[in-house]
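Structural overview for review
These are the residues of each chain, in order.
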Amino acid sequence: MSSQPDIATIVQRVRDEVASRIGEGRVADYIPALAHVPIDRFGIAVRTSCGQSAHAGDAEEPFSIQSISKVFTLTLALQARGEALWRRVGKEPSGDPFNSLLQLEHECGVPRNPLINAGALVVADCLVSDYEKPLDALLSKVRSLAGKRIAFDTAVAHSELATADRNASMAHLMKSFGNLENSVDAVLDAYCHQCSLSMNCCELAAALGYLADCGSHSPVASAESTQGTGATPRATQIVDAARARRINALMLTCGTYDRAGEFAYEVGLPAKSGVGGGIVAVIPGRGTVAVWSPGLGESGNSVVGVEALKRFVALTGWSVF
Ligand code: GLU
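What counts, and where the lines are drawn
Residues numbered from 1 in each chain as written. Predicted model: local features only at pLDDT ≥ 70, side-chain atom pairs only at ≥ 80, totals over all residues. Heavy atoms only, no water. Buried < 20%, exposed > 50% of the residue type's maximum accessible area, 1.4 Å probe, protein only. Helix = DSSP H or I, 4+ residues; strand = E, 2+ residues; numbered from the N terminus. Pairing = 2+ DSSP bridges. Near = heavy atom within 4 Å. Polar contact = N/O pair within 3.5 Å; in protein donor to acceptor, adjacent residues only side chain to side chain. Areas by Shrake-Rupley, 256 points an atom, 1.4 Å probe, with all protein chains shown as cover. Phe/Tyr/Trp six-rings, centres within 6.5 Å; stacked < 30°, edge-to-face > 60°. Contact = heavy atoms within 4.5 Å. Axes fitted to C-alpha atoms, helices over the stretch in contact; angles between N-to-C directions. Expected span 1.5 Å × (residues − 1). Parallel < 35°, antiparallel > 145°, perpendicular 65-115°, else oblique. Left-handed = near helix turned anticlockwise from the far one by under 90°. Nonpolar A, V, L, I, M, F, W, Y, C, P; charged D, E, K, R; others polar.

Let's shift gears to the pairing of strand β1 (residues 43–48). Counted residue by residue, β1 has 6 buried out of 6 residues, so it is predominantly covered. Alternating residues of β1 divide into Gly 43, Ala 45 and Arg 47 and Ile 44, Val 46 and Thr 48, and every residue in both groups is buried. In terms of strand pairing, β1 meets strand β2 (residues 53–57) through 5 bridges, oriented antiparallel. When the sheet's bridge partners are listed, Arg 47 is paired in β2 with Ser 53. Connecting β1 to the next strand, β2, in antiparallel fashion are 4 residues, including Gly 51 with a positive phi near 95 degrees.

Right, here's the structure in full:
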């Protein structure tokens, strides 16, 4: 395979190859507002570091990004707290389900990593402490990366808040160990809103481009970003190269629930999945690929999304291994 595969052909081919499997898995009905998302959707979008982009299927249809938001909040919390964040949350894969309480009790309220729910609650707690308006800060960061259309889906946020007993249990347990600075209610509100961010595959592939490009974000040239001048939009450094590498390491080892080992074996890319059926994968130095299909497997990863990423890697040869 050449080092510059034809991305447009590849995304179409991936879509064709997974077409017969679209509809497999189960939608995340434990969040009532997600129970009725049509299971027959599939989208894929790719954005390369040299400015190519391509998409296929339902790549422009917004969906609930859920846990993919944990990458954005981690980025913000690292900006605010630096390495001190790691005193409150670990960097190890959990090997347990994303919403498990077991390890948290054994490990004195310090979550294994920031990409499982308990860890993301600690990260949300930091944002509540460090930003006067944490949700505004998150939204403006994501909009600056991927476009002004992006918004919270408040129906999803309220639906999750109304059924957040498990996340509330984790938050209370961590609070009892002294690992939450704010009230459980304030943290849950921030967390459920971040999970409700509504984005599509094209936006997600654009938003996480900084992780592929040593922390540097290059906006898509558009009338909006160039204010109609036609000039090439300027790149912004979101995190430094070392931090981008480290976020990628966490995504590789912890980003796909308790299937991270199998995902690394089969796909071999840093990635983060969400129970809305989205997965974003980073190909360091080359670009990003986002897939969406709402049917989930046992561990909470999109069945067809994982299959599509396997095929994408097979067709491009793009993997970190
Ligand atoms: N909001 C979901 C929860 O806390 C996120 C789960 C996920 O996407 O992994 O259960």
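Looking now at the site of the ligand. Residues in close proximity to the ligand include Tyr 30, Gln 66, Ser 67, Phe 98, Asn 117, Glu 160, Asn 167, Tyr 191, Cys 195, Tyr 257, Gly 274 and Val 275, which together make up its full environment. Interatomic distance of 2.9 Å between a side-chain N/O atom of Asn 117 and an oxygen atom of the ligand. With respect to the ligand, the backbone of Val 275 contributes an N or O atom lying 2.8 Å from an oxygen atom. Contact with the protein chains hides 99% of the accessible area of the ligand, taken as 290 Å² for the molecule alone.

Quick look at the packing of aromatic side chains now. By the definition in use, this model includes 2 aromatic pairs. When the centroid spacing of 4.8 Å and the interplanar angle of 5 degrees are considered together, the rings of Phe 63 and Trp 292 count as stacked. Pair noted here: Phe 63 is in strand β3 (residues 63–64) and Trp 292 is in strand β10 (residues 287–292), with a separation of 229 residues, a long-range link. Neither residue differs from the other here; Phe 63 and Trp 292 are each classed as buried.

Hydrogen bonds between backbone atoms are what pair the strands of a sheet, whose relative direction is either parallel or antiparallel. Here 3 strands make up an open sheet; going across it, the order is β3-β5-β4 and the pairing antiparallel. A strand with exactly one partner marks an edge of an open sheet, and here the two such strands are β3 and β4 (151–152). The pairing of β3 with strand β5 (residues 197–199) spans 2 bridges and is classified as antiparallel. Bridge assignment links Phe 63 to a residue of β5, and that residue is Met 199. Here helix α8 (residues 184–195) sits on the sheet and contacts β3, β4 and β5; the angle it forms with β5, its principal contact strand, is near 10 degrees.

For helix α7 (residues 165–176), which comprises 12 residues, the first-to-last C-alpha distance of 16 Å matches the rise-based estimate of 16 Å (1.5 Å per residue) to within 8%. Here α7 has its buried residues at Asn 167, Ala 168, Met 170, Ala 171, Leu 173 and Met 174. On its buried face, α7 sits against α3 (102–106), α4 (117–130), α6 (154–162) and α8. Looking at the residues trailing α7, positive phi occurs at Gly 178, about 80 degrees.

As a further point, take the packing of helix α2 (residues 69–81) against helix α5 (residues 134–146). Packing of α2 against α5 leaves a shortest axis separation of 10 Å and a crossing angle of 110 degrees. Classified by the angle their axes make, α2 and α5 are roughly perpendicular. Seen along the crossing, α2 lies across α5 with a hand that is right-handed. Facing Phe 72, Thr 73, Leu 76 and Gln 79 of α2, the residues of α5 in contact are Ala 137, Leu 138, Lys 141, Val 142 and Leu 145. Split by residue class, the contact of α2 with α5 holds 6 nonpolar, 2 polar and 1 charged.

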